[in-house]
Every structure is written in structure tokens, then in C-alpha cells.
Amino acid sequence: MAADDSGARCQIVRTLDVVGEKWSLLVVREAFKGRTRYSEFRDALGAPSDVLSARLTRLVEAGVFEKRAYREPGSRERSSYHLTEKGQGLALVLGAMVQWGDTFQPYTGGRASEIVDATAGEPLSLAFVDPEGRSHPASEVTLRPGPAAIETWG
């Protein structure tokens with residue numbers, strides 16, 4: 001079996017292919033904060049220009065962002081970057097990282113961000129939920145081979 005085929009089967013590998021590099025996730029984080037312009041990402045992150053350009057290009061190619069043209073009066077046309085539905089889906093990934101960081105790597109000065117309901121502002125948390133709506137702690141969760149698995153483990 002070719003390495004490419006086995007990697008493509010794994011959801012984690014496919015996700016990391018898109019957002020597995022530090023700057024990619026940080027660009028997505030900034031988009032969730034409302035940033036859309038290259039200069040806003042650059043100023044917020046301090047990323048090298050070549051790295052930022054490459055990450056934005058990759059995220060557009062992967063369908064995480066869509067580019068939209070805009071023009072400031074007296075300036076040339078530029079592109080802004082907007083999260084697609086696929087990009088919005090990364091809220092789960094970022095939320096899990098925020099929750100994990102708060103639990104296992106807390107900052108002594110408090111939380112830099114919080115996960116809240118966009119309308120009511122109520123705090124939210126991520127959980128493993130079964131079909132009946134019951135939450136399960138991570139200690140009760142395991143991975144099992146799925147229908148596309150080429151090997152079993154356990």
C-alpha cells in the first residue's frame with residue numbers, strides 16, 4: 001500500500017495537511033477575530049511576508065478562505081480573505097485547542113479568549129456527545145477502526 005493512500009484515509013492527516021502548520025492556524029484564529037486583510041494578518045501575527053503569503057494561498061486552495069477583491073480610494077485592487085463554511089468548521093478545532101490550553105496549560109494571567117455563544121454571550125464548552133445527547137469525558141472516549149481502515153488496532 002502506498003504511503004499516500006494510507007495517509008489520505010486518516011482524518012487527522014488530512015486535517016494537518018491543511019492547517020497543521022502553526023501560522024495556518026493562527027491566520028484562521030485571526031479570521032475568527034474579524035480580520036480579513038493581508039495587512040491585518042501581518043500586523044496581528046508578525047509573520048514573515050513570504051510565510052503569510054504562502055499560508056493564505058494554501059488556505060484559499062484548500063477552500064478554508066475565499067478571496068474577494070476590494071479597492072481603497074486611490075489604491076490598487078487588493079484581496080481580502082473570508083472564511084468559507086469549511087473555514088468556519090475550524091471553530092471546533094480552535095475551540096478544542098482553547099479548552100485544552102485552559103485546562104492543561106493555563107496562563108497565570110487568565111484567559112486570552114473565551115468560547116461563547118455569539119448571540120447570548122453565554123460560555124460554551126466542547127464535549128463528546130452521544131446520539132442521545134449525553135456528554136462523555138475524554139477518559140470514556142477511544143478511537144476504533146472505521147470502514148476505511150486498512151488495519152485494526154486495540
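Small disclaimer: the values here were computed from a predicted structure and weren't measured.

Participant: What should I look at first to understand the packing of aromatic side chains in this one?
Facilitator: How two aromatic rings sit relative to each other is given by the distance of their centres and the angle of their planes. Per the counting criterion, the structure on display carries four aromatic pairs. A ring pair is formed by phenylalanine 41 and phenylalanine 65, whose centres lie 6.1 Å apart and whose planes are at 65°; its orientation type is edge-to-face. Of this pair, phenylalanine 41 sits in helix H4 (residues 38–45) while phenylalanine 65 sits in strand E1 (residues 65–71); the two residues are 24 residues apart in sequence, bridging distant segments of the chain. Ring centres 5.7 Å apart and planes at 40° place the aromatic pair tryptophan 100 and phenylalanine 104 in the tilted group. Here tryptophan 100 and its partner phenylalanine 104 are both found in helix H7 (residues 91–104), four residues apart, which amounts to about one turn of the helix. Phenylalanine 104 gets classed as exposed once you look at its relative accessible area, which sits at 52%. Members of the aromatic cluster, connected to one another through ring pairs, are Phe41, Phe65 and Tyr81. The lysine or arginine in question, lysine 22, covers the ring of tryptophan 23, its NZ or CZ lying 4.8 Å from the ring centre.

What counts as what
- Residues numbered from 1 in each chain as written.
- Predicted model: local features only at pLDDT ≥ 70, side-chain atom pairs only at ≥ 80, totals over all residues.
- Heavy atoms only, no water.
- Phe/Tyr/Trp six-rings, centres within 6.5 Å; stacked < 30°, edge-to-face > 60°.
- Helix = DSSP H or I, 4+ residues; strand = E, 2+ residues; numbered from the N terminus.
- Buried < 20%, exposed > 50% of the residue type's maximum accessible area, 1.4 Å probe, protein only.
- Lys NZ or Arg CZ within 6 Å of the ring centre and 35° of its normal.

Treat this as a map of the structure, not an account of what it does.
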